[in-house]
Amino acid sequence: MISIIVPCYNQAQYLPEALQSVLNQTWQHWECIIVNDGSPDQTEEVAKEWIAKDSRFKYLAKENGGLSSARNSGLDMAMGEYIQFLDADDCLHESKFEKSLEFCEQLNLDLIISNYVSFTKDISKTNPPRFNLQESYFNYEKIVFEWDFEFAIPIHCAIFKAKYFKGFRFPIHLKAKEDWIMWISIFKQNPNTGFINKPFALYRDHLSSMTRDRQTMQSNYVNALLYLKIILNDNDFNKLLTLILTNLYSKIEIAESNFLKIKKSKTYQWGSKIRNVGNILKVENWFQSNPQK
């Protein structure tokens, strides 16, 4: 059986489409745990509709604790041999479970990853993914040192054997990058991994997505590094830190170079002259308006 864990916070508008993609699966032996992470919207009403529709849907309401906390609560309830994560605004291809498990059984795999595509509103109108996944990415070295530089894996691309979560829970103090921690923890155990190069996962790209909040992502990247300082050995952590700082310095150099080019442009120079004239006029107007001063 596959246990699908669907955390939901203020995404009731997307939840039915995500759950329908579970119900559409050609593989029938699953349970779907909907975790309401203290949503003030209609998440509970939507979830109860689906519980009434099919007994394989289960519902858990909890106080708001964040995405990691919600996933952990789902893991605590999960009864399946396999784990599938599915965020409430994403979807799955109807053949994902069947094809993935066939592959797992044939090759005795612990972890099966499929490729993905992006969409915005209409699931039938997809776009190329941000990263085109390749089998060569799926090892400990790549996950640690090339994550976010060369690739990242949307969590719903994978189906995991549940044994990898017996000793792991998502860090609840992280609001982002918690999936990177998960991947590192799993690949430290050298899982027998397979790859299906078909878009069995569908990633919704929308303006309210947390991944578009640059400040949140950057602050949690720093928090993730503090966590990795504990779980990585010193050599790996120092190597990772060097890569990050080198990449950051390179971006600063590029930004400085681009700014110098802008300053040398005729448009910038004319703008500076106009701005200076404007400042002079403002001073003159001030004196005219305040003759006594």
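This text gives an overview of the structure that appears in the document. Small disclaimer: the values here were computed from a predicted structure and weren't measured.

## Considering the pairing of strand 3 (residues 57–62)
Next, step 1: Here six bridges tie strand 2 (residues 30–37) to strand 3, and the two strands are oriented parallel to one another. Bridge pairing in strand 3 places Asp37 opposite Lys62.
Next, step 2: For the crossover that starts at strand 2, traverses helix 2 (residues 43–53) and ends in the parallel strand 3, the hand is right-handed.

## Considering the nonpolar core
Next, step 1: Core analysis: the biggest nonpolar cluster contains 45 residues, and Phe85, Ile113, Ile153, Phe165, Met182 and Trp183 have the highest contact counts within it.
Next, step 2: Broken down by secondary-structure element, the contributors of at least two residues to this core are strand 4 (82–85), strand 6 (111–119), helix 5 (140–145), strand 8 (158–161), helix 6 (178–187), strand 9 (193–204), helix 7 (214–231) and helix 8 (234–264).
Next, step 3: Among the elements that line this core, the one with the most residues is helix 6, at seven residues.
Next, step 4: Ignoring any residue separated from it by four or fewer positions in sequence, one finds Met182 in contact with Phe85, Ile155, Phe160, Phe165, Phe168 and Phe170.
Next, step 5: Cys8, Val22, Val46 and Leu86 belong to the second-largest nonpolar core, a separate cluster that totals 29 residues.

## As for the packing of helix 1 (residues 15–23) against helix 2
Next, step 1: Between helix 1 and helix 2, the shortest axis-to-axis distance is 10 Å and the interhelical angle comes to 20°. Considering the angle they form, helix 1 stands roughly parallel to helix 2. In the crossing of helix 1 with helix 2, the sense of the turn from one axis to the other is right-handed. Counted together, Leu15, Pro16, Leu19, Gln20 and Leu23 of helix 1 and Thr43, Val46, Trp50 and Lys53 of helix 2 form the full contact between these two elements.
Next, step 2: In terms of residue class, the contact of helix 1 with helix 2 is built from six nonpolar, two polar and one charged.

## With respect to the packing of aromatic side chains
Next, step 1: This structure, assessed with the given rule, holds 13 aromatic pairs.
Next, step 2: A ring pair is formed by Tyr137 and Phe151, whose centres lie 4.3 Å apart and whose planes are at 5°; its orientation type is stacked. Of this pair, Tyr137 sits in the loop between strand 7 (126–127) and helix 5 while Phe151 sits in the loop between helix 5 and strand 8, placing them 14 residues apart in sequence. Of the two residues, Tyr137 and Phe151, neither departs from the other in class, the shared state being buried.
Next, step 3: Chaining the aromatic ring pairs together yields one cluster made of Phe85, Phe160, Phe165, Phe168, Phe170, Trp183 and Phe187.
Next, step 4: Looking at Lys53, its charged tip hangs above the ring of Trp50, at a distance of 3.8 Å from the centre.
Next, step 5: Sitting over the ring of Phe145, Lys239 keeps its end group 4.3 Å from the ring centre.

Thresholds, definitions, all that
Residues numbered from 1 in each chain as written. Predicted model: local features only at pLDDT ≥ 70, side-chain atom pairs only at ≥ 80, totals over all residues. Heavy atoms only, no water. Pairing = 2+ DSSP bridges. Helix = DSSP H or I, 4+ residues; strand = E, 2+ residues; numbered from the N terminus. Right-handed = clockwise from strand over helix to strand, strands pointing away. Core = buried A, V, L, I, M, F, W, Y, C linked by side-chain atoms within 4.5 Å. Buried < 20%, exposed > 50% of the residue type's maximum accessible area, 1.4 Å probe, protein only. Contact = heavy atoms within 4.5 Å. Axes fitted to C-alpha atoms, helices over the stretch in contact; angles between N-to-C directions. Parallel < 35°, antiparallel > 145°, perpendicular 65-115°, else oblique. Left-handed = near helix turned anticlockwise from the far one by under 90°. Nonpolar A, V, L, I, M, F, W, Y, C, P; charged D, E, K, R; others polar. Phe/Tyr/Trp six-rings, centres within 6.5 Å; stacked < 30°, edge-to-face > 60°. Lys NZ or Arg CZ within 6 Å of the ring centre and 35° of its normal.

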